[in-house]
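A look at the structure
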2 protein chains.
Amino acid sequence: MTRVLVIDDEPQILRALRINLSVRGYEVTTASSGGAALRAAAERHPEVIVLDLGLPDMDGIEVLAGLRGWSSAPVIVLSARTDSADKVAALDAGADDYVTKPFGMDEFLARLRAAVRRGAAAPDTADPVVVTDSFTVDLAAKKVTKGDAEVHLTPTEWGMLEMLVRNKGKLVGQKELLREVWGPAYATETHYLRVYLAQLRRKLEDDPSTPRHLITEAGMGYRFQE
Amino acid sequence: MTRVLVIDDEPQILRALRINLSVRGYEVTTASSGGAALRAAAERHPEVIVLDLGLPDMDGIEVLAGLRGWSSAPVIVLSARTDSADKVAALDAGADDYVTKPFGMDEFLARLRAAVRRGAAAPDTADPVVVTDSFTVDLAAKKVTKGDAEVHLTPTEWGMLEMLVRNKGKLVGQKELLREVWGPAYATETHYLRVYLAQLRRKLEDDPSTPRHLITEAGMGYRFQE
DNA sequence: CGGGGGCGTCAAGATCCCGTAAAGCGGCCC
DNA sequence: GGGCCGCTTTACGGGATCTTGACGCCCCCG
């Protein structure tokens, strides 16, 4: 669910955008003044921002500058002004796109999608890798390394490890694990857990008999610790 | 010095852009056909691409798709068409901006700066040519070489190889592969994978029976390793 | 002190998955 | 119309993986 922050002071535009975006599965927050916009952006961390330049309390360019101080979320500027000077000013102040009113909803939505797509690609450079002192888990590549050798895991082993690592630090109940990895029908086959946990420890822990990262909490479940 | 690739078939526009961009310190490469454009993009690694949709040899959208296969450089589309449908199509095909002709040079340059700025945040690490010790894959030219001889691949073989190489190092699930290459309806025909993987290995691996680059992870999927 | 529940370990059989070869089939080009 | 090419389908041996049962340990509790 993509979070969008819409900043505009005209109620009818706000309403039209809110409806159109909500229908398409966006999570919409709105603000009708510059100050409220900056507060909302700080609170909600929207993935994309739609900014109307004609605000009552402050210049749109100032809002943009305020956002760019700490956020790199893509900003699409809306404006009634078609002056090329205005466009240049907004784009150079950090806007990612500039749409003049009145605008077609189809085109606007396409530009929004483009902005979101690009925004999503940017901070993606770092793989979600989890490191411990005895092994490394790459959740995106589904790869596990110990020392510098790659460790081969079976689908079930990986399923358990993934579930535990995604909830690192937290306790994962036995039933949740079984439901996630084997399916709802196996919620009582706690024996499987013991077999596969042992297997994972043998493959990953330095000393499998005294596990330091794949911890069992007797009677409750298991926990992954970095 | 920012590298820009300008793709257009109208000499006067090409000339105008070349002059304007050069004066402002950009390093300009030009191409006047889709094929030349893809080659130039693969060679020069431009940081931003300006693409006119009206090309003589292929549809602009196809050029865009060809670029997006391996490059994440921002693309600004130029077009004489103002139809919202055209804009939507281009933006959804991976364009970052859409400027209709005739356009103001100031605005265009501002949009270019915005695109470059954003592109700089997401460094383009993707190399269209992937090399292993037994074969070479050129994602831009859709060509595979082994030793110094070109290897002929069927469309299906190429589809699989491309998908795997694009996700190099990562594990690609069987369903994802089938969906991408054969379509959503074939998500369970896992047998195809075995047949075609064997074929690819026979054509590419030095010792097809002990593959070193096209690895299978039993029960999960396949992985390409350099 | 004895019993029981929960846990870890091991190993063997059943099951599923993979690699390989080869044949059938349809489309395309000459 | 014939031949070639690529896609689909079948069959089967071998290997990887999952399941299952047996056993011993530890800790808590009666």
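Residues numbered from 1 in each chain as written. Chains lettered and ligands numbered in written order. Predicted model: local features only at pLDDT ≥ 70, side-chain atom pairs only at ≥ 80, totals over all residues. Heavy atoms only, no water.

Identification of chain A as Response regulator from Rhodococcus olei is taken from an unreviewed UniProt entry.

**What to know about the protein's contact with DNA strand C**
Rules: One heavy atom within 4 Å of a molecule or strand is enough for the residue carrying it to be called near that molecule or strand. We define a polar contact as two N or O atoms separated by no more than 3.5 Å, with the added condition that, inside protein, one atom must be a possible hydrogen donor and the other a possible acceptor, whereas residues neighbouring each other in sequence contribute only through side-chain atom pairs. Labels follow the DSSP assignment, with helices taken as runs of H or I lasting at least four residues and strands as runs of E lasting at least two, numbered in each case from the N terminus. Classification used: nonpolar for Ala, Val, Leu, Ile, Met, Phe, Trp, Tyr, Cys and Pro, charged for Asp, Glu, Lys and Arg, polar for all others including Gly.
Near DNA strand C lie 19 residues; those nearest to it are R201, T216 and G219 of chain A together with R201 and T216 of chain B. For DNA strand C, the fraction of atoms within 4 Å of the protein that belong to sugar or phosphate moieties is 62%. With respect to DNA strand C, the side chain of R194 of chain B contributes an N or O atom lying 3.1 Å from a phosphate oxygen. Between DNA strand C and Y222 of chain B, the relevant distance is 3.2 Å, taken from a phosphate oxygen to a side-chain nitrogen or oxygen of the residue. Examining the composition of the surface near DNA strand C, we find that five residues originate from one element, helix α8 (residues 190–204) of chain A, more than from any other. Partitioning the surface near DNA strand C into residue classes produces six nonpolar, nine polar and four charged.

**Some details on the protein's contact with DNA strand D**
Taken together, 19 residues sit near DNA strand D, with T156 and Y192 of chain A together with H152, T156 and Y192 of chain B positioned nearest. Sugar plus phosphate: this is where 71% of the atoms of DNA strand D within 4 Å of the protein reside. Taking T156 of chain B, its side chain carries an N or O atom lying 2.5 Å from a phosphate oxygen of DNA strand D. Looking at the surface near DNA strand D, the elements with two or more residues in it are α6 (155–166) and α8 of chain A together with α6 (155–166) and α8 (190–204) of chain B. Residue composition of the surface near DNA strand D, by class: 11 nonpolar, eight polar and no charged.

**What to know about empty space enclosed by the protein**
As a reminder of what qualifies: Method remark: on a 1 Å grid restricted to protein atoms, a set of points is classed as a cavity if a 1.4 Å probe fits but cannot get out and as a pocket if it is open with protein on both sides within 12 Å along at least five of seven lines; lining residues have an atom within 4 Å of a point. Grid points are joined across faces, edges and corners, and a volume is the space filled by probe spheres set on the points.
For the structure on display, the rule yields two cavities of 30 Å³ or more. What lines the largest cavity is a set of 14 residues, among which D96 and R118 of chain A together with D96, D97 and R118 of chain B lie closest to the centre. Only α5 (105–121) of chain A together with α5 (105–121) of chain B provide two or more residues apiece to the lining of the largest cavity. When its residues are assigned to classes, the lining of the largest cavity shows six nonpolar, no polar and eight charged.

**A few points about the interface of chain A and chain B**
Heads up, the rule is: Pairs of residues are marked as contacts when any of their non-hydrogen atoms sit within 4.5 Å. Here the quantity called buried area is the total loss of accessible area, with a 1.4 Å probe, experienced by two parts when brought into contact, counted for both. One speaks of a salt bridge when a side-chain nitrogen belonging to Lys or Arg is within 4 Å of a carboxyl oxygen belonging to Asp or Glu.
Facing 35 residues of chain A, the contacting portion of chain B comprises 35 residues. When chain A packs against chain B, the two sides together hide about 2,800 Å² of surface, and 47% of this comes from carbon and sulfur. Sorting the residues of chain A by area buried against chain B places L91, R111 and R118 of chain A first, and these three jointly supply 22% of that buried surface. Inspection of the chain A/chain B interface yields eight salt bridges. The partner of D96 of chain A in a salt bridge is R118 of chain B, with the nearest N and O atoms 2.1 Å apart. Counting across the interface, chain A meets chain B through 21 residue pairs in polar contact (both at pLDDT 80 or more). Counting residues per element, the ones that place at least two in the side of chain A that touches chain B are α4 (84–92), β5 (97–100), α5 and α6 of chain A. The leading source of residues in the side of chain A that touches chain B is α5 of chain A, at nine residues. In terms of residue class, the side of chain A that touches chain B is made up of 14 nonpolar, six polar and 15 charged.

**Description of the pattern of salt bridges**
Our working rule: Throughout, exposure labels follow a simple rule: accessible area from a 1.4 Å probe, protein chains only, divided by the maximum for the residue type, with under 20% read as buried, over 50% as exposed, and the rest as partly exposed.
Taken as a whole and assessed by the stated rule, the structure comprises 37 salt bridges over all chains. We note a salt bridge from D96 of chain A to R68 of chain A, for which the minimum N-O separation is 3.0 Å. Taken together, the residues D96 of chain A in the loop between α4 and β5 and R68 of chain A in helix α3 (residues 60–68) connect sequence positions 28 residues apart. Taking the shortest distance from any N to any O, the salt bridge between E162 of chain B and R166 of chain B comes out at 2.5 Å. Highlighted residues: E162 of chain B and R166 of chain B, both in helix α6, separated by four residues, approximately one helical turn. We classify R166 of chain B as partly exposed; its relative accessible area is 42%. Several salt bridges converge on common partners, so that one network encompasses K87, D97, E107 and R111 of chain A together with K87, D97, E107 and R111 of chain B.

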